[in-house]
Amino acid sequence: MNSKTQYTERIKSEAKRLGFLSCGVSKAEFLEQEAPRLEKWLNQNMNGQMGYMENHFDKRLDPTKLVDDSKSVVSLLLNYFPSDAQKDPEAPKISKYAYGTDYHFVIKDKLKQLLQFIQEEIGEVQGRAFVDSAPVLDKAWAAKSGLGWIGKNSNLLTQKVGSFYFIAELIIDLELDYDTPVTDHCGTCTACIDACPTQAIVEPYVVDGSKCISYFTIELKEEIPNSYKDQFDNWMFGCDVCQDVCPWNRFSKPHREPLFNPKPELLEMSKKDWEEITQEVFSKVFQKSAVKRTKFSGLKRNIDFLFEK
Ligand code: SF4
Ligand code: SF4
């Protein structure tokens, strides 16, 4: 076994030990296939007000522009599928990924540990960690590294565990063995396209971000357009519909990361509790949560949009 292969195996087994679901590796190079796709998507304004997606176009497609002398993109998946759900079926819904502690903190910490392991066990390796950060096309890298395929709902899918996981990367200046993509198993299924409450999946594999409930409830700074009234299927932060209906998600298994467990109040709160939520309750329930991104005023706007006639 050559040293490249040994290093790759050691990194993958350390990633497993740190709790990642899986780890795959790609050569750090220009994402040729993604470039025209991203350009077309941006030209059609499918990013809505997410102006940051237009920034650093070159960097987003080329990791060597993000990390000097980079050789490999190490992609990692971390499961967040919860074992419990919100109790009141009429309560406004929160996307599962936002139940517990903000994933940025949890994953950054694990990535740091993995980079430290590489530096201590392998040698002088330089690199950077990325978690859902604008410049990196994480789904494209994970797919290139054989961790899954990008489905018609534009999520990364795996046959073993569906799609309820975070994707993160280490970009490092160490050459490793590279993985190959897996085949697409969406087949003739159109469940996600048919179920999307706002018809945001405008064609297979293309989600118009500017029509997606996640965009409206998290990214949009202004009022939600009234033309979408009664179309949100009771989602107040994010939306899981196109993942919930995906047949591959019947294989989702609950995560084992205590930090992703929600505060019990979050699951207990009734429709009425949400309607009457105060800044104080918001701060308590979402103390370290990604939901804080919308601030109290943003979440309140979303709740009012669902319930106000
Ligand atoms: S997250 Fe919801 S609104 Fe967005 S594409 Fe999926 S089903 Fe449609
Ligand atoms: S619901 Fe069907 S078409 Fe959509 S991503 Fe899942 S398998 Fe693919």
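The structure this text deals with has already been given above.
Residues numbered from 1 in each chain as written. Chains lettered and ligands numbered in written order. Predicted model: local features only at pLDDT ≥ 70, side-chain atom pairs only at ≥ 80, totals over all residues. Heavy atoms only, no water.

### Quick notes on the overall build of the protein chain
Using the following cut-off: Numbered from the N terminus, helices here are DSSP runs of H or I no shorter than four residues, and strands are runs of E no shorter than two. The quantity called the radius of gyration is restricted to C-alpha atoms. Its globule counterpart is 2.2 Å times the number of residues to the power 0.38. Only protein chains enter the area calculation, which uses a 1.4 Å probe; residues under 20% of their type maximum are buried, those over 50% are exposed, and those in between are partly exposed. In what follows, a contact means two residues having at least one pair of non-hydrogen atoms within 4.5 Å. Positive: Lys, Arg. Negative: Asp, Glu. His and the chain ends are not part of the count. For the purpose of locating charges, the reference atoms are NZ of Lys, CZ of Arg, CG of Asp and CD of Glu.
The secondary structure content of the protein chain amounts to twelve helices and ten strands. Compactness check: the protein chain gives a C-alpha radius of gyration of 20 Å against a globular reference of 19 Å for 309 residues, within 12% of the reference. Its C-alpha atoms give the protein chain principal-axis dimensions of roughly 65 × 40 × 35 Å. Here the protein chain holds 309 residues, and 51% of them are scored as buried. Within the protein chain, contacts between residues separated by at least 24 positions form 76% of all contacts whose residues are at least 6 apart in sequence. Mean positive and mean negative side-chain charge positions of the protein chain (40 and 46 charges, respectively) differ by 2 Å.

### Concerning the site of ligand 2
Cut-off, in case you're wondering: Whether a residue is near a molecule or strand depends on its heavy atoms: if one lies within 4 Å, it is near. Each residue gets one of three labels, nonpolar for Ala, Val, Leu, Ile, Met, Phe, Trp, Tyr, Cys and Pro, charged for Asp, Glu, Lys and Arg, and polar for the others, Gly among them.
With respect to spatial proximity, the complete set of residues near ligand 2 consists of Lys-152, Asn-153, Leu-157, Cys-186, Cys-189, Ala-191, Cys-192, Cys-246, Pro-247 and Trp-248. Class assignment of the residues belonging to the shell around ligand 2 gives a composition of eight nonpolar, one polar and one charged.

### A closer look at the packing of helix H1 (residues 3-17) against helix H4 (residues 103-121)
Formally: Only the stretch in contact is used when fitting a helix axis, every axis being a line fitted to C-alpha atoms; angles between N-to-C directions are given from 0 to 180 degrees. In this scheme the handedness of a crossing depends on how the near helix is turned from the far one: anticlockwise by less than a right angle means left-handed, clockwise means right-handed.
Running from N to C, H1 and H4 point in directions that differ by 145°, and their axes come no closer than 10 Å. The two elements H1 and H4 meet at a crossing, and its hand is right-handed. Contact with H1, carried on its side by Arg-10, Ile-11, Glu-14 and Ala-15, involves Leu-114, Phe-117, Ile-118 and Glu-121 of H4 and no other residues of that element.

### Describing the site of ligand 1
Close to ligand 1 lie Cys-196, Pro-197, Thr-198, Ala-200, Ile-201, Val-207, Cys-212, Ile-213, Cys-239, Val-241 and Cys-242, which account for all nearby residues. Of the residues belonging to the shell around ligand 1, the class tally is ten nonpolar, one polar and no charged.

### Description of the pattern of salt bridges
For side chains bearing opposite charge, pairing can occur when the charged atoms are close. Which entries qualify depends on this criterion: The term salt bridge refers to a side-chain nitrogen of Lys or Arg lying within 4 Å of a carboxyl oxygen of Asp or Glu.
For the structure shown, the criterion picks out 17 salt bridges. Between Lys-96 and Asp-240 there is a salt bridge, with the nearest N and O atoms lying 3.2 Å from each other. Taken together, the positions of Lys-96 in the loop between strand S3 (93-94) and H4 and Asp-240 in the loop between strand S10 (235-237) and helix H8 (241-244) put the pair 144 residues apart, joining distant regions of the chain. One exposure class covers both Lys-96 and Asp-240, and it is buried.

### Here we look at the nonpolar core
The cut-off we apply is this: To define a nonpolar core, start from buried Ala, Val, Leu, Ile, Met, Phe, Trp, Tyr and Cys residues and group those joined through side-chain atoms within 4.5 Å.
Formed by 84 residues in total, the largest nonpolar core has its most connected members in Ile-94, Ile-118 and Trp-274. Ranked by residue count, the leading element in this core is H4, at eight residues. Residues within four places of Ile-94 in sequence aside, it is in contact with Gln-86, Tyr-99, Trp-235, Met-236, Phe-237, Leu-266, Trp-274, Phe-286 and Val-291. If you look at the next biggest cluster of nonpolar residues, it comprises eight residues, including Leu-147, Leu-156, Tyr-165 and Ile-167.

### Digging into the packing of aromatic side chains
Here is the rule we go by: Aromatic contacts are taken between Phe, Tyr and Trp rings whose centres are within 6.5 Å, Trp giving its six-membered ring; a plane angle under 30 degrees counts as stacked, one over 60 as edge-to-face, and the others as tilted.
For the structure on display, the rule yields 19 aromatic pairs. Here the aromatic rings of Tyr-228 and Phe-232 are separated by 6.5 Å at their centres, their planes lie at 50°, and the arrangement is tilted. Classification of Phe-232 as buried rests on a relative accessible area of 2%. Through a chain of ring-to-ring contacts, the aromatic side chains of Tyr-80, Phe-81, Tyr-97, Tyr-103, Phe-164, Phe-166, Phe-237 and Phe-260 assemble into a single cluster.

### Notes on the sheet that holds strand S4 (residues 127-131)
The test is simple: Strands qualify as paired when DSSP identifies two bridges or more between them.
Spatial ordering of the open sheet is given by S1-S2-S7-S4, a layout of four strands whose pairing is antiparallel. With one partner strand each, in any of the chains shown, strand S1 (22-27) and S4 form the two edges of the open sheet. Within the sheet, the average angular offset between the axes of one strand and its neighbour, ignoring direction, is 20°. Note that S4 and strand S7 (residues 165-172) share five bridges and pair antiparallel. Considered in S7, the bridge of Ala-129 is made with Leu-170.

### Section: the environment of Gly-48
Here Gly-48 lies in the loop between helix H2 (34-43) and helix H3 (57-61). The exposure class assigned to Gly-48 is partly exposed, which follows from its relative accessible area of 31%. Counting along the chain gives 162 residues from Gly-48 to Ser-210, while the straight-line C-alpha distance between them is 4.4 Å. When near neighbours in sequence (up to four residues on either side) are disregarded, Gly-48 contacts Ser-210 and Tyr-215.

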